[in-house]
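A closer look at the structure
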Amino acid sequence: MSEIEKIELYISRTNIPMDLHTKYDMMGKEWKAMAAQLSPVHAISLAFQYGQAKGYRAAKAEGKRA
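Residues numbered from 1 in each chain as written. Predicted model: local features only at pLDDT ≥ 70, side-chain atom pairs only at ≥ 80, totals over all residues. Heavy atoms only, no water.

**So, the overall build of the protein chain**
Cut-off, in case you're wondering: Labels follow the DSSP assignment, with helices taken as runs of H or I lasting at least four residues and strands as runs of E lasting at least two, numbered in each case from the N terminus. Relative accessibility thresholds used throughout: buried, under 20% of the residue-type maximum; exposed, over 50%; partly exposed, between the two (1.4 Å probe, protein chains only). Areas reported as accessible are Shrake-Rupley estimates using a 1.4 Å probe. Residue values count occlusion only from the protein chains shown.
Across its full length, the protein chain carries 4 helices and 0 strands. In the protein chain, which comprises 66 residues, the share counted as buried stands at 12%. Carbon and sulfur atoms provide 62% of the accessible area of the protein chain, an area that totals close to 5700 Å².

**Side note on the packing of helix α3 (residues 28–37) against helix α4 (residues 40–65)**
Applicable threshold: To get an axis, fit a line to the C-alpha atoms, keeping to the stretch in contact for a helix; angles then go from 0 to 180 degrees between the N-to-C directions. For classification purposes, an angle smaller than 35 degrees is called roughly parallel, one larger than 145 roughly antiparallel, one from 65 to 115 roughly perpendicular, and anything else oblique. In this scheme, a crossing is called left-handed if the near helix is turned counterclockwise away from the far one by less than a right angle; it is called right-handed if the turn is clockwise. The contact definition used throughout considers only heavy atoms, calling two residues in contact when any of these lie within 4.5 Å. Residue polarity follows a fixed list, in which Ala, Val, Leu, Ile, Met, Phe, Trp, Tyr, Cys and Pro are nonpolar, Asp, Glu, Lys and Arg are charged, and the others, Gly among them, are polar.
At a closest axis distance of 9 Å, the pairing of α3 and α4 adopts a crossing angle of 150°. What the angle tells us is that α3 and α4 run roughly antiparallel. Between α3 and α4 the crossing geometry is right-handed. Within the contact between the two elements, α3 uses E30, W31 and M34 and α4 uses A43, L46, A47, Y50 and K54. Partitioning the contact of α3 with α4 into residue classes produces 6 nonpolar, no polar and 2 charged.

**A closer look at α4**
Heads up, the rule is: Here a helix's expected span is defined as the number of its residues, less one, multiplied by 1.5 Å.
Between its first and last C-alpha, α4 extends 37 Å over 26 residues, near the 38 Å set by a 1.5 Å rise per residue. Those residues of α4 lying buried are A43, A47, K54 and A58.

**Description of the environment of L38**
With respect to the secondary-structure elements, L38 resides in the loop between α3 and α4. With residues up to four places along the chain from it excluded, the contact list for L38 reads A43 and L46.

**A closer look at the confidence of the model for the protein chain**
Test applied: pLDDT gives the predictor's per-residue confidence on a scale running from 0 to 100.
The predicted model of the protein chain averages 81 in pLDDT, with 86% of residues at 70 or higher. Averaged over each element, pLDDT in the protein chain is lowest for helix α2 (residues 18–24) (65) and highest for α3 (86).

**So, a nonpolar patch on the surface**
Test applied: Residues qualify for a patch when their relative accessible area is over 30% and they have no salt bridge, like charges being joined within 9 Å and the nonpolar side chains of Val, Leu, Ile, Met, Phe, Trp and Tyr within 5 Å. Counted as salt bridges are all cases of a side-chain nitrogen of Lys or Arg within 4 Å of a carboxyl oxygen of Asp or Glu.
Side chains of I4, I7, Y10 and I11 sit close together on the surface and give an oily, nonpolar patch of about 470 Å² of accessible area. Position of I11 among the secondary structure elements: in helix α1 (residues 3–13).

**Considerations on the environment of A33**
Relative to the assigned elements, A33 resides in helix α3. Since its relative accessible area comes to 34%, A33 is described here as partly exposed. In this structure, the C-alpha to C-alpha distance between A33 and A43, residues 10 residues apart in sequence, is 9.2 Å.

So this is what it looks like as structure tokens:
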């Protein structure tokens, strides 16, 4: 199994409630801004950092709901 397949499997096995998924997902305008203004490597790095921050906030929000 390739690393890409492992990543896709990890994502597919992560059961994200739809209300969190849409609220904490990256928007098209955010992807477009990164693609237009940054080098590919910087855009990917920033996207991962942004995803980590959004995931952290989603986890905090989920904890407050429980």
